Amino acid sequence: MNRQEFLQKSSILFMASQWHVPASSETNWAGNLTYSAKKIVYPINLEQLKKEVLSTKHVKGLGSKHSFNTIANTTGTLISTSKLDKLIRIDRQKMWVWVEAGIKYGTLGILLDKEGFALHNLASLPHISVAGACATATHGSGDKNGNLSSAVRAIEIMKADGTLHQWEQGHPDFPGTVVNIGALGIVTKMALAIQPKFEVSQFVFENLSMDKLKEHFDEIYQEGYSVSMFTHWENENINQLWIKKRSDAKNLHPLKEFFGASAATNNLHPIKVNSPINCTEQMGVSGPWYERLPHFKMGFTPSNGDELQAEYFIPRKYAFQAIMAVEAIHAEFAPYLYVSEIRSMAADDLWLSPAYQQDTIAIHFTWKPDTPHVMAVLPKIEAALEPFEVKPHWGKLFTLSPEKLHARYPKFKDFQALAKRLDPQRRWRNEFLERNLY
Ligand SMILES: Cc1cc2nc3c(=O)[nH]c(=O)nc-3n(C[C@H](O)[C@H](O)[C@H](O)COP(=O)(O)OP(=O)(O)OC[C@H]3O[C@@H](n4cnc5c(N)ncnc54)[C@H](O)[C@@H]3O)c2cc1C
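What you see is a predicted model; the values in this text were computed from it and never measured.

Caption draft 1: Spatial organisation of helix α9 (residues 371-385). A rise of 1.5 Å per residue sets the reference length of α9, with its 15 residues, at 21 Å; its end C-alpha atoms lie 21 Å apart and thus fit the reference within 8%. Along α9, the residues that are buried comprise Val374, Val377, Leu378, Ile381, Glu382, Ala384 and Leu385. Those residues of α9 hidden inside the fold are in contact with β18 (308-315), α7 (319-328), α8 (330-333) and β20 (360-367).

This is the structure we're talking about:
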């Protein structure tokens, strides 16, 4: 055995010895959930993965642990895909990239950019795994951008019996497999649509009145490739407007003011009192897509640290009314709020995507880490949004009843049937799926 083989073998042996880790104190990113799993395993190949899938009654895939509710919890075995994290290959003919499930968008972005390619969009942070993000329909913003799962072109899933199955776009079940809320099996690899790499310039404006939104909502959201509004809901004011423009856009020139909002004079954090050091570069400085589309840098802890999140999706046609309905009750939740963000996304065809067949607006809440108060105000926000066919983010906190949830998804029954067919013994069940799926 030469030195290289020796090092390779010892590193595999070392990783194998780290394969099982007791789960008792393992928490999600926010720390508001300690997983109930008896053990967490970190398979490094499909053989180990299969062994784990077959060895326990209840199993659950785990991505990068960024969900805020119990969607990724189990009392059985948590199977982390954090060591199945490679870029497998780029198919230049099809313009697809094949990746292992656990790769993080931040890592993938760097690798793709080096090869001259880009994804269509990214979430606010790059630290999340591809399979975990797609399972909950994680999104960024942009009128013409579908959520991240809308880029999936093929998916491979290990079923509860240890067999591998692949679906490609065009297969009748494919639209049910992508936003899968962890109910179908372990996603092992996925193919994502890619495009030639591009650069993005980010412009931030301060103080846009909600009045202006009413008349210019579409113009505001169409000004950039990806547009986000941040508000504390005080004085009917949008505190910050983040406009991410492709550097090849015709309207790239910096503006001093935009519908009465003034251009920021330095980089800002969405919560102005926080340092922008962990935020992606602004002030119109052009940079690679993967360093501008997220709000937060890969190398830094995103956002405010200790926090909770909830987010609600509304058909685009109700956007302004829905925003004003939340504004009307803001005094009830303001003490517990850090900041809200409002983003847009294009319709897609994925059964459990909140943007299924309709352009959509997402109203997001970053909360202080005060679970009792936050859980008490969520039903009030959900009630205010009830007239607008509200749907919650699958990976964030919500209290909406399963009945309402099911009624809001035209293909919910099809997804239930798919889950039953792929997992007749409900081996992926957990408390979240018991309540919201079965
Ligand atoms: C700071 C912060 C910022 C965020 N920003 C955004 C944002 O901009 N936009 C947005 O939409 N959301 C956002 N989120 C929410 C986040 O994107 C979702 O919760 C996402 O699902 C997290 O991905 P994950 O890899 O951590 O998945 P996990 O939380 O680990 O798991 C989520 C679900 O996916 C399943 N799963 C994971 N991997 C696999 C696999 N390989 N096979 C089968 N099932 C699997 C789990 O079982 C679970 O059901 C944010 C969260 C945080 C903490």
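Caption draft 2: Up close: the confidence of the model for the protein chain. With 93% of its residues at a pLDDT of 70 or more, the protein chain shows a mean pLDDT of 93. A low-confidence stretch, residues 6-18 (pLDDT under 50), is modelled with eight contacts involving residues beyond four sequence positions or located in other chains.

Caption draft 3: Looking closely at the site of the ligand. The ligand sits among 37 residues. The nearest are Gly61, His66, Ser67, Ser129 and Val187. Note that an oxygen atom of the ligand is positioned 2.7 Å from one of the backbone N or O atoms of histidine 66. Within the side chain of threonine 136, a nitrogen or oxygen atom sits 2.7 Å from an oxygen atom of the ligand. Coverage of the ligand by the protein amounts to 99% of the 980 Å² it exposes when considered alone. Secondary-structure elements contributing two or more residues to the shell around the ligand are β3 (59-62), α4 (130-135) and β10 (186-193). Looking at the shell around the ligand element by element, the count peaks at four residues for α4. Across the shell around the ligand, the residue classes tally to 15 nonpolar, 17 polar and five charged. Taken together, domain 1 (87-196) and domain 2 (200-406) each give at least three residues to the shell around the ligand, which thus spans both.

Caption draft 4: Main features of the sheet that holds strand β6 (residues 96-100). One open sheet holds the five strands; their spatial order is β5-β6-β10-β8-β9, and the pairing between them is antiparallel. The outermost strands of the open sheet, each flanked by one partner alone, are β5 (87-91) and β9 (164-168). Here the average twist between neighbouring strands, direction ignored, is 15°.

Caption draft 5: Quick look at the UniProt feature "domain: FAD-binding PCMH-type" (unreviewed entry) in the protein chain. Under the local residue numbering, the UniProt record ascribes the feature "domain: FAD-binding PCMH-type" (unreviewed entry) to residues 33-197. Taken end to end, residues 33-197 is 18% helix and 27% strand, and its first and last C-alpha atoms sit 38 Å apart.

Caption draft 6: Expanded view of the pattern of salt bridges. Under the counting rule described, the total for this entry stands at 19 salt bridges. Close ionic contact of aspartate 143 with arginine 316 constitutes a salt bridge, the shortest N to O distance being 2.7 Å. Of the two residues, aspartate 143 sits in the loop between α4 and β8 (152-158) while arginine 316 sits in the loop between β18 and α7, which places them 173 residues apart along the sequence. Judged by its relative accessible area of 18%, aspartate 143 is buried. Connected via shared salt-bridge partners are Glu311, Glu341, Arg343 and Lys396.

Caption draft 7: Inspection of the domain arrangement of the protein chain at higher detail. Taken as a whole, the protein chain is organised into domain 1 (87-196) and domain 2 (200-406). Here the C-alpha centre of domain 2 lies 23 Å away from the C-alpha centre of domain 1. Taken together, the contact between domain 1 and domain 2 spans 40 residues of the former and 36 residues of the latter. Each partner contributes to the roughly 3,000 Å² buried at the junction of domain 1 and domain 2, and carbon and sulfur atoms together form 61% of this total.

Caption draft 8: Region of the structure containing the pairing of β10. With respect to burial, β10 is a largely interior element, seven of its eight residues being buried. In this sheet, β10 lies alongside β6 in antiparallel orientation, the contact comprising five bridges. Along β10, the bridge assignment pairs glutamate 100 with lysine 189. Looking at chain direction, β8 and β10 are connected through six bridges and run antiparallel. Looking at β10, one finds that alanine 154 is bridged to alanine 191.

Caption draft 9: How the structure looks around the nonpolar core. Among the nonpolar cores identified, the biggest contains 106 residues, and Ile363 and Trp367 are the most heavily contacted of them. Shared between two domains, this core takes at least three residues from each, and those domains are domain 1 (87-196) and domain 2 (200-406). The contact partners of isoleucine 363, leaving out residues within four places of it in the chain, are Trp233, Ala310, Glu311, Tyr312, Ile314, Ala322, Ile323, Val326, Glu341, Ile342 and Leu385. Grouped together as the second largest cluster of nonpolar side chains are ten residues, Val41, Val53, Leu84 and Met158 included.

Caption draft 10: How the structure looks around the side chain of histidine 139. Mapping histidine 139 onto the fold places it in the loop between α4 and β8. Within the local environment of histidine 139, its side chain forms a polar contact with the side chain of glutamate 311, the two groups lying 3.0 Å apart. If near-sequence neighbours (up to four positions away) are discounted, histidine 139 is found in contact with Ala123, Asn147, Leu148, Glu311, Phe313, Arg343, Met345, Ala362 and His393.

Rules used throughout
- Residues numbered from 1 in each chain as written.
- Predicted model: local features only at pLDDT ≥ 70, side-chain atom pairs only at ≥ 80, totals over all residues.
- Heavy atoms only, no water.
- Helix = DSSP H or I, 4+ residues; strand = E, 2+ residues; numbered from the N terminus.
- Expected span 1.5 Å × (residues − 1).
- Buried < 20%, exposed > 50% of the residue type's maximum accessible area, 1.4 Å probe, protein only.
- Contact = heavy atoms within 4.5 Å.
- pLDDT = per-residue confidence, 0-100.
- Near = heavy atom within 4 Å.
- Polar contact = N/O pair within 3.5 Å; in protein donor to acceptor, adjacent residues only side chain to side chain.
- Areas by Shrake-Rupley, 256 points an atom, 1.4 Å probe, with all protein chains shown as cover.
- Nonpolar A, V, L, I, M, F, W, Y, C, P; charged D, E, K, R; others polar.
- Domains from an automatic or database assignment.
- Pairing = 2+ DSSP bridges.
- Axes fitted to C-alpha atoms, helices over the stretch in contact; angles between N-to-C directions.
- UniProt positions renumbered as here; feature names shortened; annotations may be inferred.
- Salt bridge = Lys/Arg side-chain N within 4 Å of Asp/Glu carboxyl O.
- Buried area = accessible area lost by both parts, 1.4 Å probe.
- Core = buried A, V, L, I, M, F, W, Y, C linked by side-chain atoms within 4.5 Å.

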